[in-house]
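Residue strings, one per chain:
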Number of protein chains: 4
Amino acid sequence: MPDTNTPPPAKLWDGRFDEATDPLVEAFTESVSFDARLAPYDIQGSIAHATMLGRVGILSAEEVTAITDGLNAIAGEISAGDFVWKPALEDVHMNIEQALTDRIGDAGKKLHTARSRNDQVATDIRLFLRDAVDQTIAALNSFADTLLDVAEREADTIVPGHTHLQVAQPVSFGHHMLAWRAMLLRDAERLADCRKRINRMPLGSAALAGTPHPIDRSITCDLLGFDSIIDNSLDAVSDRDFAIEFCSAASLIMVHLSRMSEELILWASAPFGFVELPDRFCTGSSIMPQKKNPDIAELVRGKSGRVIGSLQSLLVIMKGQPLAYNRDNQEDKEPLFDTVDTVLRSLHVFAPMVGAMAVKRERCLAAAAQGFSTATDLADYLVIKGVPFRDAHSIVGRCVRLATDRGCDLAELPLTEMQAISDAISDDVFDVLTVEGSVAARDHIGGTAPAQVRAAVQRARSG
Amino acid sequence: MPDTNTPPPAKLWDGRFDEATDPLVEAFTESVSFDARLAPYDIQGSIAHATMLGRVGILSAEEVTAITDGLNAIAGEISAGDFVWKPALEDVHMNIEQALTDRIGDAGKKLHTARSRNDQVATDIRLFLRDAVDQTIAALNSFADTLLDVAEREADTIVPGHTHLQVAQPVSFGHHMLAWRAMLLRDAERLADCRKRINRMPLGSAALAGTPHPIDRSITCDLLGFDSIIDNSLDAVSDRDFAIEFCSAASLIMVHLSRMSEELILWASAPFGFVELPDRFCTGSSIMPQKKNPDIAELVRGKSGRVIGSLQSLLVIMKGQPLAYNRDNQEDKEPLFDTVDTVLRSLHVFAPMVGAMAVKRERCLAAAAQGFSTATDLADYLVIKGVPFRDAHSIVGRCVRLATDRGCDLAELPLTEMQAISDAISDDVFDVLTVEGSVAARDHIGGTAPAQVRAAVQRARSG
Amino acid sequence: MPDTNTPPPAKLWDGRFDEATDPLVEAFTESVSFDARLAPYDIQGSIAHATMLGRVGILSAEEVTAITDGLNAIAGEISAGDFVWKPALEDVHMNIEQALTDRIGDAGKKLHTARSRNDQVATDIRLFLRDAVDQTIAALNSFADTLLDVAEREADTIVPGHTHLQVAQPVSFGHHMLAWRAMLLRDAERLADCRKRINRMPLGSAALAGTPHPIDRSITCDLLGFDSIIDNSLDAVSDRDFAIEFCSAASLIMVHLSRMSEELILWASAPFGFVELPDRFCTGSSIMPQKKNPDIAELVRGKSGRVIGSLQSLLVIMKGQPLAYNRDNQEDKEPLFDTVDTVLRSLHVFAPMVGAMAVKRERCLAAAAQGFSTATDLADYLVIKGVPFRDAHSIVGRCVRLATDRGCDLAELPLTEMQAISDAISDDVFDVLTVEGSVAARDHIGGTAPAQVRAAVQRARSG
Amino acid sequence: MPDTNTPPPAKLWDGRFDEATDPLVEAFTESVSFDARLAPYDIQGSIAHATMLGRVGILSAEEVTAITDGLNAIAGEISAGDFVWKPALEDVHMNIEQALTDRIGDAGKKLHTARSRNDQVATDIRLFLRDAVDQTIAALNSFADTLLDVAEREADTIVPGHTHLQVAQPVSFGHHMLAWRAMLLRDAERLADCRKRINRMPLGSAALAGTPHPIDRSITCDLLGFDSIIDNSLDAVSDRDFAIEFCSAASLIMVHLSRMSEELILWASAPFGFVELPDRFCTGSSIMPQKKNPDIAELVRGKSGRVIGSLQSLLVIMKGQPLAYNRDNQEDKEPLFDTVDTVLRSLHVFAPMVGAMAVKRERCLAAAAQGFSTATDLADYLVIKGVPFRDAHSIVGRCVRLATDRGCDLAELPLTEMQAISDAISDDVFDVLTVEGSVAARDHIGGTAPAQVRAAVQRARSG
């Protein structure tokens, strides 16, 4: 008859220990203050594990039912906020297992058969992250749809396109929005690739070597919706690549949002004045009563640093660890959780702000007409007249210098003076010097012509 | 008649400038000292561009031939080391274009029609990186094959599996090698995903807005072997996601090599002594004549810092840039090139070293038998006898404490003393306390049993 | 008569706003959930500010008293946990100011005269960080003292000194402890330098340009114990160098603790076995009953990634911000707070663990005698006999090869065989081949001789 | 008689090796391709070491002379570009030592007595970095002086001070320049602190434990100008804190230059138009003939990523290394060298550009007058009239809203309408609504009043 009369130890693992854990150590090593968040995934995994143990005959049907019912009850308590988490029980796994045993007795003590916290936590994080990826992809797509609407609405709005923050060529505001959208679509695509590597099952690897019990991993794989089984137990418990890959993809999302933020902050500044952000997305100043600040954009730009820093943390944490599990890995959770939250919250607040911004079309157009933005069109005009591009470029440079000296725009130069620089110029030149003409002329796949913008919107909507 | 009599300017862009570039500035801004490396890709792209210009009627057939022949001749000079790079011409693009014009005259000046350095350099880097990815995947697969051989050879070699660098459970050395291989396969898979986002064509986006010339981007796309055309010109010239994604994947490769290095350094140390590295992969000491150091592993571990740092550099560079191209992006090349080189060189030197290391099987086995590595087997034995896992765990903890006090191993404890701790123990217990038995028992997909290791090798070979 | 009849706005700054802040935006931009921690410093700063306003005649004595009493009462509420923080009031500053006005009326509304949240928060963080630096220096010094004790106790304990994790030369364990101590002393010195740049006063810079009110900044400077006044208002509100410098110093502390952790983990491993960590600083395994894991060391090693990541976050956040204050800076607090906490907690738990570890002297000595650790002594012996060092090095290399082939140590080689390699060797050679002799011979400042270790301890104690 | 007849080994350390180094390994491990740069410092250190060996009687006077003369001759060859570096000799140290022995025979072989490459390279890097720090401090001070001149010249130029890139309050352009200068002075101060920790001598620590030879480290310390001797040999050879601390300080310098760059790029953009950069510091476009780009500022902003990445590399490299020297440390040099070069070159090109920029005073003034920049002055006016600050803030908010609705500035609001909002306003209000009045009123230490700017310049010049 099994020995079950021993009083339960203070820790679930301290059979061989001579002294109690130092309270400072307990506080330093506990993780339940942050990994409690994994509880729904932990319970999902435990139910699947128990179900499998039942199917292969390690647990009885009654035991499986007791475990499943007990875990579901605990899940209810947790979501109702009634569950008492105990730091002395270290982590989410031990807290739930102990609560289960308190509730259902011996069957609870059998749940950890053929399992270790090492494969258990790896399973939990993957289930959590799979959900997070799905939510993030949804948020990216939703923002991308918003941009499609803005792009369509502003297809004919002309703004200066910048390189080096100098006016380069006029572009369609809608085209600019589609450039933002392209970034987001790549992000979603990258996350979908990352999801393939997340959605693989470590469960069944136990501590690091597998288990002598006759488990059937395909059962848990099916129950938990994993795409496949990780077929090396050492790798399964030590791999955190998927978390790093997620944080890399998240860093790119934040870099994109930060780039958009930089532009919004510029556009909302007095000298640019291309857009106005709605009051409800701005805040004021405690001392300067006139201020209306683009705080969301600034905060998101700042939060890119946070996510990039978390990526760095994870790389540093993993960098020199021998196989298999080391406690360093406990430090993977907070940066990962923070990254998930930061990205999702940033997308959720950023998208409606962009959707609601007012584009000040006259200011945009006026700015696009400055800075000799159609100089390239003049060069291209000369090329069409037969001047080699490099010579055309040089001729236009001299026209620009002349106009700068005169304090006028290219279109305001007298024809004769331009002809003195190049006799390839004739009076049809003025047609190419308007910003509207410039934009409309770039009428190929990927070009900024409003017609192309509308076509791209159509393709996206019908795709 | 076009004006072509003007003497060429010192810079290809200085028509509007009043003073020459400061020499300090010229030295600071030039990039040809590192981007000359892109020459083959730049020429490949230019030939495709000229061919397209010919097909749509912008260049004559003679001009296309002259350009193509000229560029091929320049490519020959470059690969022969006979080409003189001029920092005053700034970058690889201007150097080659100027050399072409010097060689073929006016046709050379027409090459840059409907193109800008912005879409040109984006094309070059993508072509370069596509090659680099293919080479890296090949190197990963080659190393993975080496590991397959070692795994098969050492399937029956037993080593301690560690968690927390404490002896955990005995595992097959071959199983450990397959865990390494699993990391590399993920790396290759990740690069293949990254390649999809690299292999898209920016060419035709010109400076940022497209071009008024009647180009046909599908022609260049086909000629250059791109999978698709990037359909937003602003995005095409400003996107460097693909470089960052590559560096993220490269960082993971280096993290993996660094983890392997950490293990090799440990295993080659005197107290572990699990492997011996061949002399030809080691170096000695200038002062300590007895030293034989695992320098390759240490350097690779160190080089992980280099690659991770480059990833961070790129993220910082891109983090707040408004669209479209900014000169900050010139700084993307050195970290990217260095990452490509570091990863490839590390793989090329690491793989044969691992293939040639000698595994000291007796040392491995002896170490695996220490540290109560079969304690979990005892717990599992008790579970099979009907003891709930948690109680079994506690019983074994007390057995371990007893053995520690006696200074003996679990298998050396008298049966009666074990039975005093739990009456579920009988004399068949000694069968599960051997390391061979422990390893063989973990006989499921992903488990460490030698039979599973051999099966995994077979699957890999036939897959 | 002043207008004070207007109902207070929902936000303290929304006079010019047409619509209420979006709840999503409110949640996204609030900082009180983390900056409430600055409350004691905020109140300290406000009391000093009010006192100064009183001394220069901007506030009446009664107003100053009301403000001071009100703030002290609020401080009491906060420390008692009775204060209700309101996210709608955004941050710690607005929460306290509103509570003050609710409590004392109009005088509370005058507190923000000649001040902005920009100089206020800069002041708060500096006061907070000054305290944190002082605590960290104290923790470093306390750990350094612990190491002095261990060094003295283990001055005569001989361990292998490693390079490349290969046995290099025998060293005193106490000497090794003093190397650790040297790292910590540099850390403390670096923090003291950093403190100079922290302890400068931004208060009085208002939003960014100073104030037209007749303030006297020297009064607040004295009251708050700052070393000096920051004499440029734009710099004062935008500078976060001091936080980055602190995080750099903190990263080095964590790198040091991580290096020590790496060594402790190695030393506590079965093959090394140099030390045993007390049970109360270790934890066990949920599945492997025999495990006793050096979790503290592993966690600290992992936490180095966290602190390094936070440094990176701050650098990224500040990297491209134009002057003066931008909302990005709100993101500086969480990484800074987390860094302060992580470093302090790590030092507090690490130091007593190191103080309590048991050094297993026989294991250490045995390991030091392996691996030809006295080969360098043989070379030095030859040098003293007149052999040029390079030749001596080569001779010893051949002796080592001979001993390797024989499977014996250098001291076990027959004299005649050594003499066959070099006739400079005579029978006094065996005196230099003992580890004790090797260690004792390195008897100069910085050398590992136990006498030097004891002398260093003495210097430290009397210094 | 010493044995010196053995043919020299291919490597200086291969006495115990059975096979030659693999060529791939040789190429992978060599460092002379980058550490040759340390040659002057290596020779300086070797001469000091030889001199010390002579003074304590280990070398004869003739040997010291031969070594010194030989090394000086080699130094001449190196600086003349005549020295042939051999990768097979691994590094700068071995190349020089071998060349010395080739030149002077046996005395050369004695140079490495009582020394190891471990303490040698640590000495070299410290000497190199001490020089680099001195040059960087000089460059910082020179740039700071330039800013003093600009500040004085533009003390009366009024620009908008921004927070959140929104117009906040008018400030003196000179004041803004002094804010930049304050960053640089902190950088110089930080480097001076770092220099203290660089300028300590590791030499005499040999491989890791010191040496049995009767060295006198105070002699080499004096000869090399070190401030003190590092008094723990293990620490001396493994410490790279000083390189990391330098890179941290360098990262802050680059963050500062990046922030200045961000502002210059903004100011040089068409919508801002506050400054014009001289042509000689700008470059043009290969396609857009009108472009004049602030490339230096953009490149410097980009290079901040490079330096920050190198800091991260070094932290990662050092993060988990056990004592004492590991080959990972070879990877410390390239990031360090690159950081030194990048910072110096950036400062050298940036400072004259800033000195030569033209400030467009009318554009600055016009921008400063927009955006209700004197709203805070109105609030302060009300406070002086007795309105509590918070009420004043609210009143001004309503005035701003009124002016916004009217499309006019605050100074253009009719007095009666303002009085309808607050009866504390009388006709003296218009005096405080001018930007000149606003700036002049901030007349305290640190405030933006031109008088304060001039006073600050005077203090700096006389200090």
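If you're wondering where the values come from, they're calculated on a predicted model, not measured in any experiment.

**Quick word on unusual backbone geometry**
What is expected of a backbone is that most residues other than glycine have negative phi and most peptide bonds are trans. Residue and element names in this part refer to chain A. Of the consecutive residues Leu 323 and Ala 324, the connecting peptide bond is found in the cis state with omega at -5 degrees. With phi around 65 degrees, Ala 114 is a residue other than glycine that occupies positive phi space. Note on placement: Ala 114 falls in the loop between α6 (106-110) and α7 (117-153).

**Focus on the pairing of strand β1 (residues 158-163) of chain C**
Residues and elements named next belong to chain C. In terms of residue burial, β1 counts as a mostly covered element, since 6 of its 6 residues are buried. Sheet topology note: the β1/strand β2 (residues 166-172) ladder contains 6 bridges and is antiparallel. Its bridge partner lying in β2, Val 159 is registered against Val 171. Here β1 folds back onto β2, and the loop between the two strands holds 2 residues, one of which, His 164, carries a positive phi near 60 degrees.

**A look at the interface of chain D and chain A**
When the parts come together, some accessible area is lost, and that loss is often what is quoted as the size of the interface. In this assembly, 43 residues from chain D lie in contact with 43 residues from chain A. Carbon and sulfur atoms make up 59% of the surface buried where chain D meets chain A, a total of about 3,500 Å² over both sides. Considering only the surface of chain D that becomes buried against chain A, His 164, Pro 289 and Gln 290 of chain D emerge as the three largest contributors, covering 19% of it. Applying the counting criterion to the chain D and chain A interface returns 0 salt bridges. Here chain D is connected to chain A by 9 residue pairs in polar contact (both at pLDDT 80 or more). Residue assignment for the side of chain D that touches chain A shows that the elements contributing at least two residues are β2 (166-172), α11 (241-267), α12 (295-318), α15 (375-384) and α16 (389-406) of chain D. The element that contributes the greatest number of residues to the side of chain D that touches chain A is α16 of chain D, accounting for 6 residues.

**Focus: the state of the cysteines**
All names here are of chain D. In this structure the tally under the stated criterion is 0 disulfides over all chains. Its sulfur unpaired, Cys 194 is 9.0 Å from the next cysteine sulfur, which belongs to Cys 247. Free of any disulfide, Cys 408 has its nearest cysteine sulfur in Cys 399, 10 Å distant. With a relative accessible area of 17%, Cys 408 lands in the buried category.

**What to know about the packing of aromatic side chains**
Overall, the coordinates contain 30 aromatic pairs over all chains when judged by the stated rule. Arranged with centres 5.4 Å apart and planes meeting at 75 degrees, the rings of Phe 272 of chain D and Phe 274 of chain D form a pair that is edge-to-face. For Phe 272 of chain D, a relative accessible area of 1% puts it in the buried group. By relative accessible area, which is 1% here, Phe 274 of chain D ends up buried. Here the aromatic cluster, defined as three or more aromatic residues joined through ring pairs, consists of Phe 272 and Phe 274 of chain A together with Phe 272 and Phe 274 of chain D.

**Section: the interface of chain B and chain A**
With 117 residues of chain B in contact, the opposing surface of chain A contributes 117 residues. In this assembly, chain B packs against chain A so that about 10,100 Å² is buried in total across both faces, 55% of it on carbon and sulfur atoms. Three residues, Arg 259, Leu 323 and Arg 390 of chain B, lead the burial of chain B against chain A; their summed loss comes to 8% of the area buried on that side. For the interface between chain B and chain A, the tally reads 24 salt bridges. The salt bridge partner of Arg 390 of chain B is Glu 97 of chain A, with a shortest N-O separation of 2.5 Å. Taken together, chain B and chain A are joined by 60 residue pairs in polar contact (both at pLDDT 80 or more). Its residues assigned to classes, the side of chain B that touches chain A comprises 44 nonpolar, 38 polar and 35 charged.

**Some remarks on the packing of helix α7 (residues 117-153) of chain D against helix α19 (residues 450-462) of chain D**
All names here are of chain D. Orientation of α7 relative to α19, taken along the N-to-C sense of each, is 150 degrees, at an axis distance of 9 Å. Classified by the angle between their axes, α7 and α19 sit roughly antiparallel to one another. At the point where α7 passes α19, the crossing takes the left-handed sense. Contacts from Leu 148, Asp 149, Ala 151 and Glu 152 in α7 reach Val 453, Val 457, Gln 458, Ala 460 and Arg 461 in α19. The residue makeup of the contact of α7 with α19, split by class, is 5 nonpolar, 1 polar and 3 charged.

**Some points on the relation of the copies chain B and chain A**
The operation relating chain B to chain A is a screw motion whose rotation component is 180 degrees, with 0.0 Å of axial translation and a residual RMSD of 0.0 Å. What we have between these two chains is a two-fold relation. Most of the interface of chain B is mirrored in chain A: 100% of its interface residues are interface residues there too.

**Thoughts on the pattern of salt bridges**
One pass over the structure, following the stated rule, counts 176 salt bridges over all chains. Among the salt bridges present, the one from Arg 327 of chain B reaches Asp 295 of chain D, with a minimum N-O distance of 2.4 Å. Linking Arg 327 of chain B in the loop between α12 (295-318) and α13 (333-356) with Asp 295 of chain D in helix α12, this pair reaches from one chain into another. Accessibility assignment for this pair places Arg 327 of chain B and Asp 295 of chain D in one class, buried. A salt bridge links Arg 117 of chain C to Glu 90 of chain C; the shortest N-O distance between them is 3.1 Å.

**Description of helix α8 (residues 173-198) of chain C**
Residue and element names in this part refer to chain C. In this model, α8 (26 residues) spans 38 Å end to end at C-alpha, consistent with the 38 Å of a helix rising 1.5 Å per residue. By the criterion of burial, α8 is predominantly enclosed, with 21 of the 26 residues buried. Capping of α8 at its N-terminal end is provided by Ser 172; its side-chain oxygen lies 3.1 Å from the backbone amide nitrogen of Gly 174.

**Details of the environment of Asn 95 of chain A**
All names here are of chain A. Relative to the assigned elements, Asn 95 resides in helix α5 (residues 92-104). Here Asn 95 falls in the buried class, since its relative accessible area comes to 3%. In this structure, the C-alpha to C-alpha distance between Asn 95 and Ala 107, residues 12 residues apart in sequence, is 16 Å. Ignoring sequence-local partners within four residues, the contact set of Asn 95 consists of Val 32, Phe 83, Val 84, Trp 85, Lys 86, Leu 89 and Glu 90.

**Considering the confidence of the model for chain A**
The pLDDT averaged across chain A works out to 93; a share of 97% of its residues lies at or above 70. Considering only residues more than four positions removed or in separate chains, one finds that residues 1-9 of chain A, a stretch of pLDDT under 50, has 14 contacts.

**Remarks on the packing of helix α8 (residues 173-198) of chain A against helix α8 (residues 173-198) of chain B**
At a closest axis distance of 11 Å, the pairing of α8 of chain A and α8 of chain B adopts a crossing angle of 160 degrees. Here α8 of chain A lies roughly antiparallel to α8 of chain B, going by the angle between them. In terms of crossing hand, the pair formed by α8 of chain A and α8 of chain B is right-handed. Within the contact between the two elements, α8 of chain A uses Arg 186, Glu 189, Arg 190, Asp 193, Lys 196 and Arg 197 of chain A and α8 of chain B uses Arg 186, Glu 189, Arg 190, Asp 193, Lys 196 and Arg 197 of chain B. Broken down by class, the residue content of the contact of α8 of chain A with α8 of chain B amounts to no nonpolar, no polar and 12 charged.

**Re the environment of Thr 434 of chain D**
In this fold, Thr 434 of chain D is placed in the loop between α17 (415-421) and α18 (435-441). For the pair formed by Thr 434 of chain D and Ala 411 of chain D, sequence separation is 23 residues and the distance between their alpha carbons is 7.8 Å.

About the cut-offs
- Residues numbered from 1 in each chain as written.
- Chains lettered and ligands numbered in written order.
- Predicted model: local features only at pLDDT ≥ 70, side-chain atom pairs only at ≥ 80, totals over all residues.
- Heavy atoms only, no water.
- Helix = DSSP H or I, 4+ residues; strand = E, 2+ residues; numbered from the N terminus.
- Buried < 20%, exposed > 50% of the residue type's maximum accessible area, 1.4 Å probe, protein only.
- Pairing = 2+ DSSP bridges.
- Contact = heavy atoms within 4.5 Å.
- Buried area = accessible area lost by both parts, 1.4 Å probe.
- Salt bridge = Lys/Arg side-chain N within 4 Å of Asp/Glu carboxyl O.
- Polar contact = N/O pair within 3.5 Å; in protein donor to acceptor, adjacent residues only side chain to side chain.
- Disulfide = S-S within 2.5 Å.
- Phe/Tyr/Trp six-rings, centres within 6.5 Å; stacked < 30°, edge-to-face > 60°.
- Nonpolar A, V, L, I, M, F, W, Y, C, P; charged D, E, K, R; others polar.
- Axes fitted to C-alpha atoms, helices over the stretch in contact; angles between N-to-C directions.
- Parallel < 35°, antiparallel > 145°, perpendicular 65-115°, else oblique.
- Left-handed = near helix turned anticlockwise from the far one by under 90°.
- Least-squares fit on C-alpha atoms with pLDDT ≥ 70 in both.
- Expected span 1.5 Å × (residues − 1).
- pLDDT = per-residue confidence, 0-100.

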